[in-house]
Amino acid sequence: MSHGVGTGHDAPGPGPSIPSSALADTVLERLTVLYPAAADPGRARSSAAYMKHVAPFLGIPTPGRRALSRTVLEGTARPEEADCAAIALRCWELPEREYQYFAADYLRRHVARCSPGFVPVLRHLVSTVPWWDTVDVLAAHVAGPLVAADGALRQEMDAWIEDDDLWIVRTALLHQLRFKQDTDTGRLFGYCLRQAGHPDFFIRKAIGWCLREYAKTDPQAVGDFVDGASGRLSPLSVREATKHL
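The structure displayed is predicted, hence computed values, not measured ones.

Peer 1: Explain the layout of surface pockets to me, please; I cannot follow it from the model alone.
Peer 2: Unfilled space is identified by rolling a water-sized probe across the atoms. Looking at the largest pocket, its volume works out to about 330 Å³. Met51, Phe57, Thr62, Arg65 and Tyr101 are the residues nearest the centre of the largest pocket, which is lined by 17 residues in total. Counting residues per element, the ones that place at least two in the lining of the largest pocket are helix 2 (41–50), helix 3 (62–73), helix 5 (97–110) and helix 7 (132–149). Broken down by element, the residue count for the lining of the largest pocket peaks at five residues, all from helix 5.

Next comes the structure, spelled out in structure tokens:
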């Protein structure tokens, strides 16, 4: 698998190469028959508008889409990392957003099959056709488990928090969202301070969200941090962080 990093449609240069995968061939063949057959043009228009036209939609509601996904995957083998990469990258090449939802769900289910070598693929997915609907799943349920499985990837997140791409930054902020008592609080609070002055709504919201989530585990620590960071965190971040304190 190539370790080259692509930054999506808005930047030049290729993304990671797509590995050959018989499993991906089967999955994509089924997927591109079953999903379009369930398309609803009216719902597709409203979904695209709700998501600020980041991508076109087929218009399949989530319960129906997941039922179709189960049919797509019926009888398929457990994937290897190359299969996960091939399925995700090929879904990301298709225009309609539901294919990316399928891939994100698939990676969430099979992330334990992936090694640190999957990170270039993850970065490509986060930074290509990016919006919160895919990025947040990838952050909490792919980046997070990869880091939890190999602590050396914490240094990768240290680099991502400094990135120019706001969606890479958001992924770094949110990757510990499900860590609870295993949260690296030094990194959690340090990342929040590092990006406290970021002007973008999605970063300020993510700072508040990751703090609010950790407050379910240690409300005192979050309260003390927010108090100590008074004047540095945006009002939005503070409001989100302290919502349940």
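Read on, since the account is not over.
Peer 1: Help me understand the packing of helix 11 (residues 201–215) against helix 12 (residues 219–228) in this model?
Peer 2: Packed helices, taken two at a time, are described by the angle their axes make and the gap between the axes. Look at helix 11 against helix 12: their axes get within 7 Å of each other, and the N-to-C directions meet at 145°. Where helix 11 approaches helix 12, its residues Leu211, Tyr214 and Ala215 are matched on the opposing element by Pro219, Ala221, Val222, Phe225 and Val226. In terms of residue class, the contact of helix 11 with helix 12 is made up of eight nonpolar, no polar and no charged.

Peer 1: Help me understand the side chain of Thr134 in this model?
Peer 2: Note on placement: Thr134 falls in helix 7. The exposure class of Thr134 is buried, given its relative accessible area of 0%. In this structure, Thr134 is in contact with Trp92, Arg97, Gln100, Tyr101 and Val129, ignoring residues within four places of it in sequence.

Peer 1: Please clarify how empty space enclosed by the protein should be interpreted in this entry.
Peer 2: Here the structure, examined in full by the defined rule, presents one cavity of 30 Å³ or more. Of the voids in this model, the largest cavity is the one considered here, and its volume is about 40 Å³. Around the largest cavity, the lining residues are Val119, Leu122, Ala143, Leu146, Val147, Leu153, Glu156 and Met157. Within the residue set of the lining of the largest cavity, elements represented by two or more residues are helix 6 (119–127), helix 7 and helix 8 (154–160). Per-element accounting of the lining of the largest cavity gives the leading share, three residues, to helix 7.

Peer 1: Would you mind going over the packing of aromatic side chains with me for this structure?
Peer 2: Centre distance and the angle of the planes are the two values used to describe a pair of aromatic rings. For the structure on display, the rule yields 10 aromatic pairs. With centroids separated by 6.3 Å and ring planes inclined at 90°, the aromatic side chains of Tyr35 and Phe102 adopt a geometry described as edge-to-face. Here Phe102 lies in helix 5 and Tyr35 lies in helix 1 (residues 22–37), a separation of 67 residues in the sequence. Summarising the burial analysis for this pair, Tyr35 and Phe102 share the class buried. The rings of Tyr35, Tyr99, Phe102 and Tyr106 are connected pair by pair, giving a single aromatic cluster. The ring of Trp160 carries Arg123 above its face, with NZ or CZ at 5.9 Å from the centroid.

Peer 1: What am I meant to see in the nonpolar core here?
Peer 2: Soluble globular proteins: nonpolar side chains tend toward being buried together. Ranked by internal contacts, the top residues of the largest apolar core, which has 76 residues, are Phe102, Phe118, Leu122, Leu173 and Leu211. The residues contacting Leu122, other than those within four sequence positions of it, are Leu138, Val142, Ala143, Leu146 and Trp160.

Peer 1: What am I meant to see in helix 3 here?
Peer 2: Residues three or four positions apart in an α-helix share a direction because the helix packs 3.6 residues into each turn. Here helix 3 spans 16 Å end to end across 12 residues, near enough to the 16 Å set by a 1.5 Å rise per residue. Looking only at helix 3, the buried set comprises Arg65, Leu68, Ser69, Val72 and Leu73. Each buried residue of helix 3 sits inside an arc of 135° when the element is viewed along its axis, so together they form one side. What points out from helix 3, more than 90 degrees from its buried face, is the exposed set Pro63 and Arg70.

Peer 1: Explain unusual backbone geometry here, please?
Peer 2: Leaving glycine aside, a negative phi is the common case for residues, and trans is the common case for peptide bonds. One non-glycine residue, Val129, lies in positive phi territory at about 45°. Turning to its location among the elements, Val129 is positioned in the loop between helix 6 and helix 7. Despite not being glycine, Lys180 has its phi angle at roughly 50°, a positive value. With respect to the helices and strands, Lys180 occurs in the loop between helix 9 (166–174) and helix 10 (185–194).

Peer 1: Teacher, can you tell me more about the confidence of the model for the chain here?
Peer 2: It should be kept in mind that the predicted coordinates are not to be read in detail where pLDDT is low. Taken residue by residue, the chain gives an average pLDDT of 94. The fraction at 70 or more is 95%. Segment residues 1–13 is flagged for pLDDT under 50; beyond a separation of four residues in sequence, or across chains, it makes 30 contacts in the model.

Peer 1: What exactly am I supposed to notice about the packing of helix 4 (residues 81–93) against helix 5 here?
Peer 2: Across the interface, helix 4 lies against helix 5 with an axial gap of 8 Å and an inter-helix angle of 160°. Here helix 4 is positioned roughly antiparallel relative to helix 5, judged by the angle of their axes. Judged by the sense of rotation from one axis to the other, the crossing of helix 4 with helix 5 is left-handed. Here Cys84, Ile87, Ala88, Cys91 and Trp92 of helix 4 come into contact with helix 5, specifically with Tyr99, Gln100, Phe102, Ala103, Ala104, Tyr106, Leu107 and His110. Here the residues of the contact of helix 4 with helix 5 sort into 11 nonpolar, two polar and no charged.

Thresholds, definitions, all that
Numbers given to residues run from 1 along each chain, matching the order in which its sequence is written. Residue-level local features of this predicted model are given only where pLDDT is at least 70; pairs of side-chain atoms are given and counted only at 80 or more, and the full residue set underlies all totals for whole chains, interfaces and linings. The basis for the side-chain values is all heavy atoms of the structure; hydrogens and waters are excluded. As defined here, a cavity is a set of points on a 1 Å grid over the protein atoms alone where a 1.4 Å probe fits but cannot get out. A pocket is an open set with protein on both sides within 12 Å along at least five of seven lines, and residues line them when an atom is within 4 Å of a point. Grid points are joined across faces, edges and corners, and a volume is the space filled by probe spheres set on the points. What counts as a helix is a DSSP run of H or I of at least four residues, what counts as a strand is a run of E of at least two, and both are numbered from the N terminus. Between the N-to-C directions of two axes lies an angle of 0 to 180 degrees, each axis being a line fitted to C-alpha atoms and, for a helix, fitted only over the stretch in contact. Working rule for contacts: check all heavy atoms of both residues, and any pair within 4.5 Å makes them a contact. Only Asp, Glu, Lys and Arg are considered charged, only Ala, Val, Leu, Ile, Met, Phe, Trp, Tyr, Cys and Pro nonpolar, and every remaining residue, Gly among them, polar. Throughout this description, buried means an accessible area under 20% of the type-specific maximum (1.4 Å probe, protein chains only), exposed means over 50%, and partly exposed covers the range between. Two rings from Phe, Tyr or Trp (for Trp, the six-membered ring) form a pair when their centres are within 6.5 Å of each other. A pair whose planes differ by under 30 degrees is stacked, one over 60 is edge-to-face, and the rest are tilted. Cation placement over rings: the criterion is NZ of Lys or CZ of Arg within 6 Å of the ring centroid and within 35° of the ring normal. Take the buried Ala, Val, Leu, Ile, Met, Phe, Trp, Tyr and Cys residues and link them wherever side-chain atoms come within 4.5 Å; each set so joined is a nonpolar core. In a helix, the anticipated span is given by 1.5 Å times the number of residues less one. The directions considered for the arc are those from the helix axis to the C-beta atoms. Confidence of the predictor at the level of single residues is given by pLDDT, which spans 0 to 100. Each angle gets one of four labels, with under 35 degrees taken as roughly parallel, over 145 as roughly antiparallel, 65 to 115 as roughly perpendicular, and the rest as oblique. By convention, the crossing between two helices is left-handed when the near helix turns anticlockwise from the far helix through less than a right angle, and right-handed when the turn is clockwise.

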